[in-house]
Amino acid sequence: MIRFDNVSKVYPKQTRPALRDVSLEVEKGEFVFLVGSSGSGKSTFLRLILREERCSHGQVHVLGKDLARLSNWKVPQMRRQLGTVFQDFRLLPNKTVAENVAFAQEVIGKSQGEIRKSVPQVLDLVGLGGKEDRMPGELSGGEQQRVAIARAFVNRPKLLIADEPTGNLDPQTSVGIMKLLDRINRTGTTVVMATHDQNIVDQMRKRVIELEKGRLVRDQARGVYGYQH
Amino acid sequence: MRAQFVLSEIGVGLRRNLTMTFAVIVSVALSLALFGGSLLLSDQVGKMKGYWYDKINVSIYLCNKSNAESDPNCAKGAVTEDQKKSILADLQKMTVVDKVTYESQDEAYKHYKEQFGNSPLAASITPDQMQESYRVKLKNPEQYQVIASAFNGRDGVQSVQDQKSILDNLFTLLGYLNLAARGVMAVMLTVAMLLIVNTVRVSAFSRRRETGIMRLVGASGFYIQAPFIMEAAVAGLIGGILASSFLVVVQYFVIDHGVSLSTKLPLINFVGWDAVITKIPLILAVSFLIPALAGLLALRKYLKV
């Protein structure tokens, strides 16, 4: 699903690499936590998977494709098989819940019939059935994140990337979001989640990858958060 | 669905940016009206050349008695019958000459009277004072120099005058006007393009949230960029339509009707509707393509895809 071979990333005008010689593999259907302090390279790691950036050395394979050799015009096709969720939700404030989710399908040219079918389905899945016509501003943070997850999942991606999805939420709401991500993972979707939330990592007992100053320092199955702030 | 989605995005974008859109429309309209006007002026000059060059002559004025006293070219006295014959014979031998007609003093007097009628000066003129002349029609009006060099300074010839040189001054003036119109057009079009680049930049910035999401869910580059480019192209097209309407209005109200220059200036053979109509597709195409191009350039810089 994801394979990093000796990957390094140096941003232009910076001497210290954001990632140094990282090698790892994530199998289909896995749930992986990515932990590490700020500046440890978590975001760079995710950006490489999304091909927002290209690595400086090594090779990144996502969904069996070498991203360095993927031409620019094929990147959108690749991204259609990925879903992304962020700490700040990134919803469109002037569109309803259903329109926000439908947007992800409209812009890749899905038919209206398909949209009408899949949007209510995915909203039910994330527990927002009946709230289709609400505006994002009327929803709680947890509900907004559910909309964002629905939008990420509506195109049935093979891989879900979550960048601190619970970072803005209280512990109780976070648990709800984690249950949802776990359910999505059980449908066969691989989930990679960057987080700072110690409780969640410790409770879920999933694979943990820890980065420190751009190096891979721990890769542990059924791991715990493990490092102190 | 796709088309409807794109169209609604364009509408939203144009309204959000109303002042800039207005500026783009006005500058495109002005520059393309100038563009069309300058194209029509070129047509007009071409048409006038064709029309007038057909009618103009080179005149070889012959010495009369009064010239013989005042003009150094005629120091040898008024033209003689022999001189006239040899001039005519030489003219007829020249290959550049199409037709030669002779104008006697009486005929010249008659033409003069027709032209200046009852002015006080005309009353004091007598046929004696008029000059005989040969009116030479050339096969190609540009070849005036051949006649001038052959007959200037010849005995009995007072002067050789080319009517084309009088017209050419007019055509040169029109040529400069045309050049000026194109210069202003280029400046206006540059302004329009800069405005478009700025409009697209503002537009891309205000919609960065949407485009960011589009990128993440895998919308194609074309799909992300199309609304912005279409926005610029539609604004430009509105300007092009205004410019075309302007030309039509001018042709209708200034040339054909209303001011109706075509009846007031019968000597000028104005370009017709066919000329105006053929310019319109060109103007519309330019008004659509140039803003689209400017939009594309702006997006390369300001919108990550």
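Residues numbered from 1 in each chain as written. Chains lettered and ligands numbered in written order. Predicted model: local features only at pLDDT ≥ 70, side-chain atom pairs only at ≥ 80, totals over all residues. Heavy atoms only, no water.

Asks: For this particular structure, what's the right way to read the overall build of chain A?
Replies: Across its full length, chain A holds 7 helices and 10 strands. Against the compact-globule benchmark of 17 Å for 229 residues, chain A has a radius of gyration of 18 Å, which places it among compact chains. Considered along the principal axes of its C-alpha atoms, chain A spans approximately 50 × 40 × 35 Å. Considering only intrachain contacts with a sequence separation of at least 6, the fraction spanning at least 24 residues in chain A is 69%. Per element, the accessible surface of chain A, about 10400 Å² overall, is 45% carbon and sulfur. In chain A, which carries 36 positive and 26 negative side-chain charges, the distance between the mean positions of the two groups comes to 4 Å. (Helix = DSSP H or I, 4+ residues; strand = E, 2+ residues; numbered from the N terminus. Rg over C-alpha atoms; globule rule 2.2 N^0.38 Å. Contact = heavy atoms within 4.5 Å. Areas by Shrake-Rupley, 256 points an atom, 1.4 Å probe, with all protein chains shown as cover. Lys, Arg positive; Asp, Glu negative; His and termini not counted. Charge placed at Lys NZ, Arg CZ, Asp CG, Glu CD.)

Asks: Looking at this model, I keep getting lost on the sheet that holds strand β7 (residues 159-163) of chain A. Mind explaining?
Replies: Either a parallel or an antiparallel arrangement is found when strands of a sheet pair, and the pairing is made through backbone hydrogen bonds. Residue and element names in this part refer to chain A. What the 6 strands build is an open sheet, ordered β6-β7-β8-β3-β9-β10; its pairing is mixed. Edge positions in the sheet fall to β6 (82-86) and β10 (215-220), since each has one partner strand and no second. Each strand of the sheet is rotated relative to its neighbour by a mean of 15°, with strand direction disregarded. Summarising the sheet, strand β3 (residues 31-35) and strand β9 (residues 207-212) pair through 4 bridges and their orientation is parallel. Looking at β9, one finds that V35 is bridged to E210. (Pairing = 2+ DSSP bridges. Axes fitted to C-alpha atoms, helices over the stretch in contact; angles between N-to-C directions.)

Asks: I keep staring at the nonpolar core and nothing clicks. Help me out?
Replies: Generally speaking, a soluble globular protein has its nonpolar side chains buried in company with each other. In this structure, A:F33 and A:L123 are the most contacted members of the largest nonpolar core, which totals 82 residues. Among the elements that make up this core, the one with the highest residue count is helix α10 (residues 221-256) of chain B (9 residues). Ignoring any residue separated from it by four or fewer positions in sequence, one finds A:L123 in contact with A:V97, A:A98, A:V101, A:L128, A:G129, A:E132 and A:A150. Residues A:V32, A:L70, A:L82 and A:I161 belong to the second largest nonpolar core, which totals 31 residues. (Core = buried A, V, L, I, M, F, W, Y, C linked by side-chain atoms within 4.5 Å. Buried < 20%, exposed > 50% of the residue type's maximum accessible area, 1.4 Å probe, protein only.)

Asks: Help me understand the packing of α10(B) against helix α12 (residues 273-302) of chain B, please; the structure alone is not making it clear to me.
Replies: The angle between the axes and the distance between the axes are what describe a pair of packed helices. Residue and element names in this part refer to chain B. Orientation of α10 relative to α12, taken along the N-to-C sense of each, is 155°, at an axis distance of 8 Å. The orientation of α10 with respect to α12, classified from their angle, is roughly antiparallel. For the pair α10 and α12, the crossing hand works out as right-handed. Each residue belonging to the contact of α10 with α12 can be placed in one class, and the counts come to 21 nonpolar, 7 polar and 1 charged. (Parallel < 35°, antiparallel > 145°, perpendicular 65-115°, else oblique. Left-handed = near helix turned anticlockwise from the far one by under 90°. Nonpolar A, V, L, I, M, F, W, Y, C, P; charged D, E, K, R; others polar.)

Asks: Help me understand the packing of helix α8 (residues 163-206) of chain B against α12(B), please; the structure alone is not making it clear to me.
Replies: All names here are of chain B. Relative orientation of the contacting elements α8 and α12 amounts to 45°, with a least axis distance of 8 Å. In terms of orientation, α8 and α12 fall into the oblique class. In this structure, the crossing between α8 and α12 has a hand that is right-handed. Mapping the contact onto sequence places L189, M193, I196, V197, V200, R201 and A204 in α8 and I290, P291, A294, G295, A298, L299 and Y302 in α12. Each residue belonging to the contact of α8 with α12 can be placed in one class, and the counts come to 12 nonpolar, 1 polar and 1 charged.

Asks: Is there a simple way to explain the state of the cysteines in this structure?
Replies: Think of a disulfide as a covalent bridge from one cysteine sulfur atom to another cysteine sulfur atom. Residue and element names in this part refer to chain B. Under the defined criterion, the tally for this structure stands at 1 disulfide over all chains. Residue pairing for C63: its cysteine sulfur links by disulfide to C74, the two sulfurs lying 1.9 Å apart. Measuring the twist about the S-S bond at about -75°, one finds the C63-C74 disulfide to be left-handed. In this pair, C63 sits in the loop between β1 (58-62) and α3 (65-70) while C74 sits in the loop between α3 and α4 (81-93), placing the two residues 11 residues apart along the sequence. Of the two residues, C63 and C74, neither departs from the other in class, the shared state being buried. (Disulfide = S-S within 2.5 Å.)

Asks: Just to check I follow, could you spell out the confidence of the model for chain B for this structure?
Replies: Per-chain confidence: chain B averages 84 in pLDDT, with 97% of residues scoring 70 or above. Here the predicted complex carries an ipTM of 0.86, next to a pTM of 0.71. (pLDDT = per-residue confidence, 0-100.)

Asks: For this particular structure, what's the right way to read the side chain of B:E231?
Replies: For B:E231, the position within the fold is in helix α10. Aside from chain neighbours lying at most four places away, what touches B:E231 is B:E9, B:I10, B:G13, B:L14, B:S203 and B:R207.

Asks: Sorry, what's going on with unusual backbone geometry here?
Replies: Excluding glycine, most residues fall at negative phi; most peptide bonds, likewise, are trans. Residues and elements named next belong to chain A. Positive phi, normally seen in glycine, also occurs at R51, with a value near 55°. Along the chain, the position of R51 falls in the loop between α1 (42-49) and β4 (57-62). Look at R51 and you get buried, because its relative accessible area is 8%. At L63, a residue that is not glycine, the phi angle is positive and equals roughly 55°. Inspection of the secondary structure assignment puts L63 in the loop between β4 and β5 (65-66). Look at L63 and you get buried, because its relative accessible area is 18%.

Asks: I keep staring at the sheet that holds strand β2 (residues 97-103) of chain B and nothing clicks. Help me out?
Replies: All names here are of chain B. Spatially, the 4 strands line up as an open sheet ordered β2-β3-β1-β4, and their pairing is antiparallel. The open sheet terminates on both sides in strands that have one partner only, identified here as β2 and β4 (157-162). Along the sheet, successive strands turn relative to each other by an average axial angle of 20°, direction set aside. Note: β1 against β4, 5 bridges, orientation antiparallel. Note that in β4 the partner of V58 across the bridge is D162.

Asks: Quick question: what am I supposed to make of the pattern of salt bridges here?
Replies: A side chain of one charge can pair with a side chain of the opposite charge when the charged atoms of the two come close. Scanning the model with the defined rule gives 20 salt bridges over all chains in all. Between B:D90 and B:R154 there is a salt bridge whose closest N-O contact spans 2.7 Å. Here B:D90 is found in helix α4, whereas its partner B:R154 is found in the loop between α7 (144-151) and β4, with 64 residues between them in sequence. In this structure, a network of salt bridges that share partners links the residues A:K9, A:R47 and A:E53. (Salt bridge = Lys/Arg side-chain N within 4 Å of Asp/Glu carboxyl O.)

Asks: How should I be thinking about the interface of chain B and chain A in this particular structure?
Replies: Accessible area lost upon the coming together of the parts serves often as the stated size of an interface. Contact residues are listed per partner, giving 16 residues for chain B and 21 residues for chain A. Summing both partners gives a buried area of about 1800 Å² for chain B against chain A, and 59% of it is carried by carbon and sulfur. Across the chain B-chain A interface, the total number found is 1 salt bridge. Between chain B and chain A we count 4 residue pairs in polar contact (both at pLDDT 80 or more) in total. Listed by contribution, the elements that provide at least two residues to the side of chain B that touches chain A are α1 (2-16), α9 (208-217) and α10 of chain B. Of all the elements, α9(B) adds the most residues to the side of chain B that touches chain A, at 7 residues. Tallied by class, residues from the side of chain B that touches chain A come to 8 nonpolar, 3 polar and 5 charged. (Buried area = accessible area lost by both parts, 1.4 Å probe. Polar contact = N/O pair within 3.5 Å; in protein donor to acceptor, adjacent residues only side chain to side chain.)

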